[in-house]
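Residues per chain are reported as follows:
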Amino acid sequence: ILATGFAIFSVILGISTNLQILGLEIAEQVIVLVVNAIYECLDRDGSQSSIFWHGLSVLQCCAIDDFCKSKIVAHGGIVATVDTMVALPENSSIQMKCCNLLRLLAAGDVETRMCIVEADGADAIINVLVNHCEDVKLLPEAFLTLACVSINKRSREFVAQIGGFMLMTSAMNSLMSSTEVL
């Protein structure tokens, strides 16, 4: 039922004018509900992939608005997203949603980028490169997200320290050898 509700919200919020019609206070309540539901599912066993998928869809729709973006960050959306990536490493559609959401949150905000890095977001993105090194749909999103998160010197240094550049090179080589790309 919760996944269905999130699916409806993501369709409603997918039309940017509906976010304004809905009102920012209600949008914030939806964000809190989604983040709490993600945490609740993570605490149970993480097996409700439809709740994660639709919840992340709602957060993606909200992340196009600066006010909502700040509320996602303030209410723990970054940590919930990174924890989802860690809990469901083999689920490529969830990883795609998480990478996209982190990229949307990081766009244009150095503080948020550092929050993502400090929440082990760069590490989670690098794990996507390792776990999905032949996924020609997911890898470009992971590369874009890592590039967005690593735009300042401090975060680039962190990526280098955890061996991210070698893993990125390996993933790019796998991607280039894929018959789907060629």
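Everything in this summary refers to the structure shown in the same document. Keep in mind that this is a model prediction, so the values were computed, not measured.

1. Here's the deal with the overall build of the protein
Thinking step 1. Within the protein one finds 12 helices and 0 strands.
Thinking step 2. Start at the N end of the protein and walk to the C end: the helices and strands fall as α-α-α-α-α-α-α-α-α-α-α-α.
Thinking step 3. For the protein, buried positions account for 47% of its 182 residues.
Thinking step 4. Long-range contacts, defined as pairs at least 24 residues apart, comprise 72% of the intrachain contacts of the protein with a sequence gap of at least 6.
Thinking step 5. Taken as a whole, the protein presents about 8900 Å² of accessible surface, with 57% of it coming from carbon and sulfur.

2. A look at the nonpolar core
Thinking step 1. By size, the foremost hydrophobic cluster in this structure holds 48 residues, and its most contacted members are Ile 38, Leu 59 and Met 85.
Thinking step 2. Contributions of two or more residues to this core are made by helix H3 (24-44), helix H4 (49-62), helix H5 (66-74), helix H6 (77-87), helix H7 (92-106), helix H8 (110-118), helix H9 (121-131) and helix H10 (138-149).
Thinking step 3. Per-element accounting of this core gives the leading share, 9 residues, to H3.
Thinking step 4. With near-sequence residues (within four places) excluded, Leu 59 lies in contact with Ile 31, Val 34, Val 35, Ile 38, Ile 72 and Leu 101.

3. What to know about H8
Thinking step 1. For H8, the set of buried residues is Thr 112, Arg 113, Met 114, Ile 116 and Val 117.
Thinking step 2. The N-terminus of H8 is capped by Asp 109, whose side-chain oxygen sits 3.2 Å from the backbone nitrogen of Glu 111.
Thinking step 3. Asp 120 occupies a position one or two residues after H8 and carries a positive phi of about 70°.

4. Examining the pattern of salt bridges
Thinking step 1. All chains considered together, the criterion is met by 3 salt bridges.
Thinking step 2. The shortest N-O distance in the salt bridge between Lys 71 and Glu 28 comes to 3.8 Å. You can see Lys 71 sitting in helix H5 and its partner Glu 28 sitting in helix H3, a full 43 residues away along the chain.
Thinking step 3. In this structure Glu 28 comes out as partly exposed when scored by relative accessible area, which is 21%.

5. Some thoughts on the packing of aromatic side chains
Thinking step 1. In the structure shown here, the tally under the stated rule is 0 aromatic pairs.
Thinking step 2. The ring of Trp 53 is capped by Lys 97, whose NZ or CZ atom sits 4.0 Å from the centre of that ring.

6. Some remarks on unusual backbone geometry
Thinking step 1. In this model, Asp 120 sits at a positive phi of 70°, which is unusual for a non-glycine residue.
Thinking step 2. Here Asp 120 shows up in the loop between H8 and H9.

7. What to know about the environment of Ala 106
Thinking step 1. Along the chain, the position of Ala 106 falls in helix H7.
Thinking step 2. For Ala 106, a relative accessible area of 0% gives the class buried.
Thinking step 3. Taking the C-alpha atoms as reference, Ala 106 lies 6.2 Å from Val 149; in sequence the two are 43 residues apart.
Thinking step 4. Discounting residues that sit within four places of it in the chain, Ala 106 has contacts with Thr 112, Arg 113, Ile 116, Cys 148 and Val 149.

About the cut-offs
Throughout, a residue's number is its position along its own chain's written sequence, starting from 1. The model is predicted, so local features are restricted to residues of pLDDT at least 70 and side-chain atom pairs to those at 80 or more, both for listing and for counting; the totals for chains, interfaces and linings are taken over all residues. Side-chain measures were taken over the full set of non-hydrogen atoms in the model, leaving aside hydrogen atoms and water. Only DSSP runs of H or I with at least four residues qualify as helices, and only runs of E with at least two residues qualify as strands; both kinds are numbered from the N terminus onward. Exposure categories follow from relative accessible area, calculated using a 1.4 Å probe and restricted to protein chains: below 20% of the type maximum is buried, above 50% is exposed, and the middle band is partly exposed. In this description, contact between two residues means that some pair of their heavy atoms is separated by no more than 4.5 Å. Methods summary: accessible areas were calculated by the Shrake-Rupley approach with a probe of 1.4 Å, and residue burial reflects only the protein chains presented. Each nonpolar core is a collection of buried residues, namely Ala, Val, Leu, Ile, Met, Phe, Trp, Tyr and Cys, held together in the definition by side-chain atoms within 4.5 Å. Here a polar contact is taken to be a pair of N or O atoms separated by no more than 3.5 Å, where protein atoms must pair a possible hydrogen donor with a possible acceptor and residues adjacent in sequence count only if both atoms sit in side chains. Just to be clear on terms, a salt bridge is a Lys or Arg side-chain nitrogen sitting within 4 Å of an Asp or Glu carboxyl oxygen. Two aromatic rings from Phe, Tyr or Trp, using only the six-membered ring of Trp, form a pair when their centres are within 6.5 Å; if the ring planes differ by under 30 degrees the pair is stacked, by over 60 it is edge-to-face, and anything between is tilted. Criterion for a charge above a ring: Arg CZ or Lys NZ at most 6 Å from the ring centre, at most 35 degrees from the ring normal.

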